[in-house]
Amino acid sequence: MTRLREILRWAIRGRSPAASHLLIAPTSLWLTLFLIVPVAWLLALSLTQRGPYGSVVWSLSWENFSRALNPKYLPILLRTLGYASATTFLALILGFPTAYYLSFFAGRRRETLMILLMIPFWTSCLVAIYSWIIILGREGLLNSLLLRLGLVQAPLSMLNTPFSVVLGMVYFYIPFMILPVFSSLEKIPRALIEASYDLGAGTLATFLKVTLPLSLPGVFAGCLLTFIPCMGDFLTADFLGGPRTYLIGNLIQSQFLMAQDWPFGAALTCLLLLVMLSGLYAYQRLELKEIERA
Amino acid sequence: MSRLTRRDFLRLAVAAAAWPLAACGKNQGPSVNFFNWSKYIGPDTLPSFTRETGIAVNYEEFADEEEMFAKLRSGARGYDLLIGTDYMISRLKGSNLIDPYPPGVLMSLGNLEAKFRAPPYDPELAFSVPYLWGTTGIGYNKAKLPKVPSSWLDLWDPRHQGKLSMLDNARDCVSVALLLKGFPETETSPEAFRQVKELLISQSPLIKQYSSTTYMDGLVAGELYLAMAWSGDVLQVARENPDIDYVIPKEGSYLWVDNLCLARGSGHREEALRLVDFLLRGDVAAGIANTVRYASPNAAAKAHLDKDLLKDPRVFPDAATASRLRFHAVLDAEASQLWNETWSDVKVAA
């Protein structure tokens, strides 16, 4: 027993690098197995050539990248950026007040509301998508409601439109916005807010000068966590979208599953990763500068 | 109510613990793993096979054939019997995913119609046994249309903007575009494919969705007026919904055959062969066709088919229509690549 305690003490307190390596070993192993190896594999695959019937020929070539850089794919990338930005923006507009309410006003209802927020997360996303198809359809729940209320004269076409795709994406990814914003709001010492009131600031001034700036780390994290999965989404666009909501995720998916062109799909994925990583890098530089300035 | 004693509880716990074991033991009897299209079998087909032979069937479905192929090619094992459409046979063969049938083992092979005993994609039926066949055509909702469609070009009619759907695969869309442009399916010239691409891209602003799986819901709900469709999918619904109908366009179309294939590396070859033989039986094949409303290639099934199905020219086309139907050509690897790229470009440009 004492032996174990000794080892633990050594592991936890020890300044030696060996000990810290030991402690982060599970994480490193996890990252190596499920992040580094797959990405390396993807990179290797993107440099191969396709063979007959979707087989992979292991000979080095840049061909997939030169194909992927063809300007015909640029509109798809821009469209995807547009959808991801729109989704992130809407998720922020809807998510921030929700998180604000949860943090400041929900009181005893908070636990229940949190669970309600998480429940859609536990259902299969296919079930959720099909539910949206039922709701948004021409003879769906929403249209019959609107018709009965006399708000529209003829059923609206909502399915397979940009509207349904953005709606679906906001629905799926809004918890990624609410939770980080909520946790950063939670971390704001309430004393600071009281101090602001004591010093004569009104509600709006307190919000703009104290609460909002202090919640910004959560807002940025939420935006990133929403934006990134949106860039890779294909299910929502596939089921709720139409020909004009074809996104980069659909293009990649179709290379793997329909066109049987894995090397090209891998090259597209690598380029998407590169775009995302350089965006993240630029963002981090910007944030560092902000911190230095502050 | 008697109280649950400790002993009862222990007994229950032991039984509960043993239950999965017992279930495992049960699975050790003969079994076969069958990978089929979704909604592509009769409700009683597999249970009656198990009743007759004692062989359990683990049944799995796919909704998209290319995805099925991708799954197999990426190394999914454990399937014994799978369904492959005509054009898929050479690909499955070329990728070493299926095995040839041992000659002379299938007792009921003679039940097949002559036409399907030597199909162009596998003339000796070395790797494939025809299961069902159907056509690609137009499914439509009569209630929404002033006149019934008769031409593929009705799918290019701007009056139906936003009410049209196309099957989401290169095979059906590129082949029809080639047909409309007057090229044979074996054509590979850049000029032909430029025209094909142009034709399909010109259609995309009218299209509500490219889908091979959800178009029937759209037709029934009136979201779609016309959809490029597979015969049986439409006719299953048309049986209950008089507004829904199906037509083989006047320009002609393709008939395709879905086949039973033996997965390579299967550990249940004998069971798989017994299942194939069972599915070839006239009454069994008819039971399937009566449910799924696709045509059976089985001559012995004719006697057991529903009369209305047998007489339905949308299922078994009359001579005039049949003369406008053809088998898909067998494409080599390069041509399939060209088709896939063309289709991908259409979707990208849409």
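This write-up is about the structure you can find in this document.

What counts, and at which threshold
- Residues numbered from 1 in each chain as written.
- Chains lettered and ligands numbered in written order.
- Predicted model: local features only at pLDDT ≥ 70, side-chain atom pairs only at ≥ 80, totals over all residues.
- Heavy atoms only, no water.
- Helix = DSSP H or I, 4+ residues; strand = E, 2+ residues; numbered from the N terminus.
- Contact = heavy atoms within 4.5 Å.
- Areas by Shrake-Rupley, 256 points an atom, 1.4 Å probe, with all protein chains shown as cover.
- Lys, Arg positive; Asp, Glu negative; His and termini not counted.
- Charge placed at Lys NZ, Arg CZ, Asp CG, Glu CD.
- Phe/Tyr/Trp six-rings, centres within 6.5 Å; stacked < 30°, edge-to-face > 60°.
- Buried < 20%, exposed > 50% of the residue type's maximum accessible area, 1.4 Å probe, protein only.
- Lys NZ or Arg CZ within 6 Å of the ring centre and 35° of its normal.
- Expected span 1.5 Å × (residues − 1).
- Polar contact = N/O pair within 3.5 Å; in protein donor to acceptor, adjacent residues only side chain to side chain.
- Core = buried A, V, L, I, M, F, W, Y, C linked by side-chain atoms within 4.5 Å.
- Pairing = 2+ DSSP bridges.
- Right-handed = clockwise from strand over helix to strand, strands pointing away.
- Disulfide = S-S within 2.5 Å.
- Buried area = accessible area lost by both parts, 1.4 Å probe.
- Salt bridge = Lys/Arg side-chain N within 4 Å of Asp/Glu carboxyl O.
- Axes fitted to C-alpha atoms, helices over the stretch in contact; angles between N-to-C directions.
- Left-handed = near helix turned anticlockwise from the far one by under 90°.
- Nonpolar A, V, L, I, M, F, W, Y, C, P; charged D, E, K, R; others polar.
- Parallel < 35°, antiparallel > 145°, perpendicular 65-115°, else oblique.

1. A few points about the overall build of chain A
Here is step 1 of the chain: When helices and strands are tallied, chain A shows 13 helices and 2 strands.
Here is step 2 of the chain: Its C-alpha atoms give chain A principal-axis dimensions of roughly 75 × 70 × 45 Å.
Here is step 3 of the chain: When contacts within chain A are restricted to residue pairs at least 6 apart in sequence, those whose partners lie at least 24 apart make up 64%.
Here is step 4 of the chain: Counting every atom, chain A has about 17400 Å² of accessible surface; 72% of that belongs to carbon and sulfur.
Here is step 5 of the chain: Averaging the locations of the 21 positively and 13 negatively charged side chains of chain A gives two centres separated by 2 Å.

2. Some points on the overall build of chain B
Here is step 1 of the chain: For chain B, the helix and strand inventory stands at 14 helices and 11 strands.
Here is step 2 of the chain: Along the first, second and third principal axes, the C-alpha set of chain B runs to 80 × 55 × 45 Å.
Here is step 3 of the chain: The long-range fraction of contacts in chain B, counting pairs at least 24 apart against all pairs at least 6 apart in sequence, stands at 73%.
Here is step 4 of the chain: Here chain B has roughly 15000 Å² of accessible surface; of this, 55% comes from carbon and sulfur atoms.
Here is step 5 of the chain: One finds the centroid of the 38 positive side-chain charges in chain B at a distance of 5 Å from the centroid of its 43 negative side-chain charges.

3. A closer look at the packing of aromatic side chains
Any aromatic ring pair is given by two values, namely how distant the centres are and how the planes are angled relative to each other.
Here is step 1 of the chain: Scanning the model with the defined rule gives 31 aromatic pairs over all chains in all.
Here is step 2 of the chain: Between the aromatic rings of Phe49 of chain B and Phe278 of chain B, the centroid separation amounts to 5.1 Å while the plane-to-plane angle is 55 degrees, which identifies the pairing as tilted. Of this pair, Phe49 of chain B sits in helix α2 (residues 45-53) while Phe278 of chain B sits in helix α10 (residues 269-279); the two residues are 229 residues apart in sequence, bridging distant segments of the chain.
Here is step 3 of the chain: Of the residues examined, Phe278 of chain B reaches a relative accessible area of 5% and is grouped as buried.
Here is step 4 of the chain: Taken together, Phe96, Tyr100, Tyr101, Phe104, Phe105 and Phe207 of chain A form an aromatic cluster joined through their ring pairs.
Here is step 5 of the chain: The lysine or arginine in question, Arg171 of chain B, covers the ring of Trp339 of chain B, its NZ or CZ lying 5.4 Å from the ring centre.

4. Some details on α10 of chain B
Helical geometry note: an α-helix holds 3.6 residues per turn, so side chains three or four residues apart project in the same direction.
Residues and elements named next belong to chain B.
Here is step 1 of the chain: The buried fraction of α10 amounts to 8 of the 11 residues, a majority that puts the element mostly inside the structure.
Here is step 2 of the chain: Residues of α10 that are buried: Glu271, Ala272, Leu273, Leu275, Val276, Asp277, Phe278 and Leu279.
Here is step 3 of the chain: Lining the buried residues of α10 we find β1 (31-37), α2, β3 (81-85), β5 (129-141), β10 (253-263) and α11 (282-292).

5. Side note on helix α6 (residues 125-136) of chain A
Residue and element names in this part refer to chain A.
Here is step 1 of the chain: Over its 12 residues, α6 runs 16 Å from end to end, which matches the ideal 16 Å to within 8%, given 1.5 Å per residue.
Here is step 2 of the chain: Among the structural elements, α7 (141-148), α8 (162-187) and α11 (235-240) are those in contact with the buried residues of α6.
Here is step 3 of the chain: One side-chain oxygen of the residue at the start of α6 lies 3.1 Å from the amide nitrogen of Leu126, identifying that residue as Ser124.

6. So, the nonpolar core
Here is step 1 of the chain: Formed by 110 residues in total, the largest nonpolar core has its most connected members in Phe34, Leu200 and Leu260 of chain B.
Here is step 2 of the chain: With 8 residues, the single largest contributor to this core is β10 of chain B.
Here is step 3 of the chain: Apart from the residues within four sequence positions on either side, Leu260 of chain B is in contact with Phe34, Leu81, Leu82, Ile83, Tyr101, Phe127, Ser128, Val129, Tyr131, Val276 and Leu279 of chain B.
Here is step 4 of the chain: Residues Phe96, Val181, Leu247 and Leu272 of chain A belong to the second largest nonpolar core, which totals 60 residues.

7. Focus on the pairing of β1 of chain B
All names here are of chain B.
Here is step 1 of the chain: Among the 7 residues of β1, 7 are classified as buried, and the element is accordingly described as predominantly covered.
Here is step 2 of the chain: As defined by bridge partners, β1 adjoins strand β2 (residues 56-62) across 7 bridges and the pair is classed as parallel. For Val32, the partnering residue across the bridge sits in β2 and is Val57.
Here is step 3 of the chain: Traced from β1 through α2 to β2, the parallel crossover comes out right-handed.

8. A closer look at unusual backbone geometry
Backbone phi values are negative for most residues with the exception of glycine, while trans is the configuration of most peptide bonds.
Here is step 1 of the chain: Phi at Asn160 of chain A takes a positive value of approximately 60 degrees, unusual for a residue other than glycine.
Here is step 2 of the chain: Mapped onto the fold, Asn160 of chain A is located in the loop between α7 and α8.

9. Digging into the state of the cysteines
Here is step 1 of the chain: Taken as a whole and assessed by the stated rule, the structure comprises 0 disulfides over all chains.
Here is step 2 of the chain: Between Cys125 of chain A, a free cysteine, and Cys230 of chain A, which holds the nearest cysteine sulfur, the sulfur-to-sulfur gap is 13 Å.

10. With respect to the side chain of Asn169 of chain B
Here is step 1 of the chain: By secondary structure assignment, the location of Asn169 of chain B is in the loop between β6 (164-166) and α6 (170-180).
Here is step 2 of the chain: Here the side chain of Asn169 of chain B touches Arg171 of chain B through a polar contact of 3.1 Å, landing on its backbone nitrogen.

11. Here's the deal with the environment of Lys302 of chain B
Residues and elements named next belong to chain B.
Here is step 1 of the chain: Relative to the helices and strands, Lys302 resides in the loop between α11 and α12 (307-311).
Here is step 2 of the chain: With relative accessibility at 27%, the residue Lys302 sits in the partly exposed group.
Here is step 3 of the chain: Taking the C-alpha atoms as reference points, Lys302 and Gly282, 20 residues apart in sequence, are found 7.5 Å from one another.
Here is step 4 of the chain: Filtering out sequence-adjacent residues up to four positions away, Lys302 remains in contact with Glu113, Leu310 and Phe316.

12. Some remarks on the interface of chain A and chain B
Here is step 1 of the chain: On the chain B side, the residues contacting the 32 residues of chain A number 36 residues.
Here is step 2 of the chain: Between chain A and chain B lies a buried interface of about 2800 Å² when both sides are counted; carbon and sulfur atoms form 49% of it.
Here is step 3 of the chain: Across the chain A-chain B interface, the total number found is 2 salt bridges.
Here is step 4 of the chain: Between Lys72 of chain A and Asp345 of chain B there is a salt bridge, with its nearest N and O atoms 2.9 Å apart.
Here is step 5 of the chain: Inspection of the region where chain A meets chain B yields 10 residue pairs in polar contact (both at pLDDT 80 or more).

13. Focus on the packing of helix α7 (residues 190-203) of chain B against helix α14 (residues 333-349) of chain B
All names here are of chain B.
Here is step 1 of the chain: Packing of α7 against α14 leaves a shortest axis separation of 9 Å and a crossing angle of 35 degrees. For α7 against α14, the interelement crossing comes out right-handed. In contact with Phe193, Val196, Lys197, Leu200 and Ile201 of α7, α14 contributes Leu338, Trp339, Thr342, Trp343, Asp345, Val346 and Ala349.
Here is step 2 of the chain: In terms of residue class, the contact of α7 with α14 is made up of 9 nonpolar, 1 polar and 2 charged.

14. A closer look at the pattern of salt bridges
Here is step 1 of the chain: Here the structure, examined in full by the defined rule, presents 25 salt bridges over all chains.
Here is step 2 of the chain: Arg293 of chain B is paired through a salt bridge with Asp306 of chain B; the nearest N and O atoms lie 3.1 Å apart. With Arg293 of chain B in the loop between α11 and α12 and Asp306 of chain B in the loop between α11 and α12, this pair connects stretches of sequence that are 13 residues apart.
Here is step 3 of the chain: Note on Asp306 of chain B: relative accessible area 29%, which makes it partly exposed.
Here is step 4 of the chain: One connected set of salt bridges, linked through shared partners, spans Arg50, Arg67 and Asp261 of chain A together with Glu341 of chain B.

15. Regarding the packing of helix α12 (residues 248-257) of chain A against helix α13 (residues 262-293) of chain A
Residues and elements named next belong to chain A.
Here is step 1 of the chain: Direction vectors running N to C along α12 and α13 enclose 155 degrees, while the axes themselves pass 7 Å from each other. One way to sum up the angle between α12 and α13 is to call them roughly antiparallel. In the packing of α12 onto α13, the handedness of the crossing is left-handed. Residue-level inspection shows Ile248, Leu251, Ile252, Gln255 and Phe256 of α12 in contact with α13, the latter providing Trp262, Phe264, Gly265, Ala266, Leu268, Thr269 and Leu272.
Here is step 2 of the chain: Here the contact of α12 with α13 is composed, by residue class, of 9 nonpolar, 3 polar and no charged.

16. Side note on the pairing of β5 of chain B
All names here are of chain B.
Here is step 1 of the chain: In terms of burial, β5 is a largely internal element, 13 of the 13 residues being buried.
Here is step 2 of the chain: Relative to β10, β5 is paired through 6 bridges, and the arrangement is antiparallel. What sits directly across from Pro130, in β10, is Asn259.
Here is step 3 of the chain: In this sheet, strand β9 (residues 244-247) lies alongside β5 in antiparallel orientation, the contact comprising 4 bridges. Note that in β9 the partner of Tyr140 across the bridge is Asp245.

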